[in-house]
Amino acid sequence: MLEVAGLTVRFGGLTALHDVELTVERGQVCGLIGPNGAGKTTLFNCVSRLVEPAQGSIRFDGVELLDRRPHEIAGLGIARTFQHLALVPSLSVRENVMLGAHHRGRSGFLAAALHHPMVRREERAMTTDAEDALERVGLSHLADHPAAGLPYGQLKRVELARALCETPRLLCLDEPASGLSHGEVAELAALLKRLAAELELTLLLVEHHMALVMQVSDQVVVLDFGRVIAAGPPREVQQDARVIEAYLGAAA
């Protein structure tokens, strides 16, 4: 479903990604790990077209993403969450989630100003989709609550629900477990496995919480200084000498 080939990203004199190769099969959960500054979020930003690479290719289900503009990515079936929450505090939980369905709207500004029936139909459909997403993440009871003031763990789920409201085929999660308690991480792992199965999602997961990555991933890819140093099943990657050195350092 996702094929990254020869991807290189430079920020001035810094090479953030160097000739990165990555393949994610349909229905697979792929964990992307590595030390801070390894280039994980940069790779995410290339897939979602927020960063323009110097060279390489990113193909999603046969479509070259680098030929597409950023606002077209959601319509192709790719959704993402962010490392730092990107919610609108003044909106309700439901309204924040509805923003995920915005790319499916076809009515323009004039139709909205005139309260055209098409606008009302689209809004009803978006509301239904948002409520379905909230039910899937266990937050239906908070639909009318403002996003402001909710616990961090619940805000993380709101952002996940908004991504689900985009009806994605590929869901990119940028550190979904950051800031969560041990119990919340366990609940998140169960939730991600259930969502992947129920919605037939392909997941690309950037995460520092190793227990979560090893529990939910079918494949783990390790980045270090912008290069892929290991890729394979979780148990195999966990025992790779290069991975251990990247995280713990070499013996003196």
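Our subject is the structure listed above.
Residues numbered from 1 in each chain as written. Predicted model: local features only at pLDDT ≥ 70, side-chain atom pairs only at ≥ 80, totals over all residues. Heavy atoms only, no water.

A. View of the overall build of the chain. Counting secondary structure elements, the chain contains ten helices and ten strands. Rg of the C-alpha trace for the chain: 19 Å, near the compact-globule value of 18 Å for 252 residues, within the 12% margin. In terms of overall dimensions, the chain has C-alpha extents of about 70 × 40 × 30 Å along its principal axes. Counting over 252 residues, the chain shows a buried share of 49%. Each charge sign in the chain was given a centre, from 24 positive and 31 negative side chains, and these centres are 4 Å apart. (Helix = DSSP H or I, 4+ residues; strand = E, 2+ residues; numbered from the N terminus. Rg over C-alpha atoms; globule rule 2.2 N^0.38 Å. Buried < 20%, exposed > 50% of the residue type's maximum accessible area, 1.4 Å probe, protein only. Lys, Arg positive; Asp, Glu negative; His and termini not counted. Charge placed at Lys NZ, Arg CZ, Asp CG, Glu CD.)

B. Structural context of the sheet that holds strand β4 (residues 55-60). Strand order in the open sheet made by the four strands is β2-β1-β4-β5, with antiparallel pairing throughout. This sheet does not close on itself; its edge strands, each paired only once, are β2 (14-24) and β5 (63-64). Where strand β1 (residues 2-11) lies against β2, seven bridges are found, and the strand directions are antiparallel. Bridging across to β2, L2 finds its partner in V24. The strands touched by helix α1 (residues 40-47) within the sheet are β1, β2 and β4, with β1 carrying the most contacts at an inclination of about 115 degrees. (Pairing = 2+ DSSP bridges. Contact = heavy atoms within 4.5 Å. Axes fitted to C-alpha atoms, helices over the stretch in contact; angles between N-to-C directions.)

C. Inspection of the packing of aromatic side chains at higher detail. Here the structure, examined in full by the defined rule, presents zero aromatic pairs. The ring of F82 is capped by R80, whose NZ or CZ atom sits 4.2 Å from the centre of that ring. (Phe/Tyr/Trp six-rings, centres within 6.5 Å; stacked < 30°, edge-to-face > 60°. Lys NZ or Arg CZ within 6 Å of the ring centre and 35° of its normal.)

D. Layout of the packing of helix α6 (residues 152-164) against helix α7 (residues 182-199). Contact geometry of α6 with α7 gives a least axis separation of 12 Å together with a crossing angle of 10 degrees. With respect to their mutual orientation, α6 and α7 come out roughly parallel. Of α7, the residues touching α6 (which contributes G153, R157, L160 and L164) are E184, E187, L188, L191, L192, L195 and L199. Of the residues contributing to the contact of α6 with α7, the split by class is seven nonpolar, one polar and three charged. (Parallel < 35°, antiparallel > 145°, perpendicular 65-115°, else oblique. Nonpolar A, V, L, I, M, F, W, Y, C, P; charged D, E, K, R; others polar.)

E. Representation of the pattern of salt bridges. A full pass over the atoms with the stated rule returns twelve salt bridges. The residue E52 makes a salt bridge to R49 at a minimum N-O spacing of 3.0 Å. Judged by its relative accessible area of 54%, E52 falls in the exposed class. D144 is the salt-bridge partner of R94, the closest N and O atoms lying 2.4 Å from each other. Of this pair, R94 sits in helix α3 (residues 93-98) while D144 sits in the loop between α5 (117-136) and α6, placing them 50 residues apart in sequence. Take R94: its relative accessible area is 17%, and that puts it in the buried class. The structure contains a network of salt bridges with shared partners spanning D132, R136, R194 and E198. (Salt bridge = Lys/Arg side-chain N within 4 Å of Asp/Glu carboxyl O.)

F. Structural view of α7. Spanning 18 residues, α7 covers 26 Å between terminal C-alpha atoms, matching the ideal 26 Å at 1.5 Å per step. All of the buried residues in α7 are V185, L188, A189, L191, L192, L195 and A196. Trailing α7 by a residue or two, E200 shows a phi angle of about 55 degrees, which is positive. (Expected span 1.5 Å × (residues − 1).)

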